[in-house]
Amino acid sequence: RAATPGARTLYGLVSMRMIRLFVMLRKSGVLAQRRQFGLSETEWRIMTQLGETAPLSLNGLADSMLQDRGQLSRAVKSMVERGLLTRERKPGGPEIEIDLSGQGRAIYGQMVEWVHERDRTLTAGLPQDEVALVRGVLGSMMERAQAMLDEELRLGG
């Protein structure tokens, strides 16, 4: 098949354009997260993960975030000291559960509002049917990307 004019270079590929979009959103997000919430990128990700699935063990958090347990342990400790998270021993066992504190939940609520506003800004002026189409296409692509990741992990990647 002949390549379409926009896809003749790597930067014309859908995946590469998505990566560029992700990088731009990530960079602006990290700057805003620090300025508005005083959170590093790792801390932001911890807050969002716990906001959706708390409580979690450190291993569960590391697995869900695909991050090193040691790096997360340091970030969690700092966030507990700042009053954003709680660490409590799970009843009847040695495992420690990590959760958002009251202060952490309040900040998480502000984070959710901020992310919704950011999404509205990103999609402003686009017809709703196109936004719905993009969501559907991204969902399908994310499923395929997950299958690709699963295959690489299965092969020992």
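Thresholds applied
- Residues numbered from 1 in each chain as written.
- Predicted model: local features only at pLDDT ≥ 70, side-chain atom pairs only at ≥ 80, totals over all residues.
- Heavy atoms only, no water.
- Phe/Tyr/Trp six-rings, centres within 6.5 Å; stacked < 30°, edge-to-face > 60°.
- Helix = DSSP H or I, 4+ residues; strand = E, 2+ residues; numbered from the N terminus.
- Buried < 20%, exposed > 50% of the residue type's maximum accessible area, 1.4 Å probe, protein only.
- Pairing = 2+ DSSP bridges.
- Patch = residues over 30% accessible without salt bridge, like charges linked within 9 Å, V, L, I, M, F, W, Y side chains within 5 Å.
- Areas by Shrake-Rupley, 256 points an atom, 1.4 Å probe, with all protein chains shown as cover.
- Salt bridge = Lys/Arg side-chain N within 4 Å of Asp/Glu carboxyl O.

Novice: Any chance you could explain the packing of aromatic side chains here in plain terms?
Specialist: The geometry of an aromatic ring pair is captured by the separation of the ring centres together with the interplanar angle, meaning the angle of the planes. Scanning all chains against the criterion turns up 3 aromatic pairs. Ring centres of Phe-37 and Trp-114 lie 6.1 Å apart, and the angle between their planes is 75°; on these two criteria the pair is classed as edge-to-face. Here Phe-37, found in helix 1 (residues 14–37), pairs with Trp-114, found in helix 5 (residues 102–123); they are 77 residues apart in sequence, far enough to count as distant. Trp-114 gets classed as buried once you look at its relative accessible area, which sits at 16%. Taken together, the ring pairs connect Phe-37, Trp-44 and Trp-114 into an aromatic cluster.

Novice: I tried to follow the environment of Gly-12 on my own but got confused; where do I start?
Specialist: Along the chain, the position of Gly-12 falls in the segment before helix 1. The buried category is assigned to Gly-12, whose relative accessible area is 18%. Sequence separation between Gly-12 and Asp-63 is 51 residues, and the spatial gap between their C-alpha atoms is 33 Å.

Novice: What is the right way to look at unusual backbone geometry in this model?
Specialist: Trans is the common state for peptide bonds, and a negative phi is the common state for residues other than glycine. Put simply, Ala-54 and Pro-55 share a cis peptide bond, and its omega is -5°. Positive phi, close to 55°, is recorded for Leu-66, a residue that is not glycine. Tracing the sequence through the fold places Leu-66 in the loop between helix 3 (58–65) and helix 4 (69–81).

Novice: Looking at this model, I keep getting lost on the pairing of strand 1 (residues 85–89). Mind explaining?
Specialist: Regular strands place their side chains on alternate faces of the sheet. The pairing of strand 1 with strand 2 (residues 96–100) spans 5 bridges and is classified as antiparallel. Paired with Arg-89 across the two strands is Ile-96, which belongs to strand 2.

Novice: Would you mind showing me how to read a nonpolar patch on the surface here?
Specialist: A cluster of nonpolar side chains, namely Val-14, Met-18, Val-134, Leu-138 and Met-142, defines an oily patch on the protein surface of about 440 Å² accessible area. When residues in the nonpolar patch are grouped by element, the largest group, 3 residues, is from helix 6 (residues 128–154). Inspection of the secondary structure assignment puts Met-18 in helix 1. Assessed through its relative accessible area of 32%, Met-18 is described here as partly exposed.

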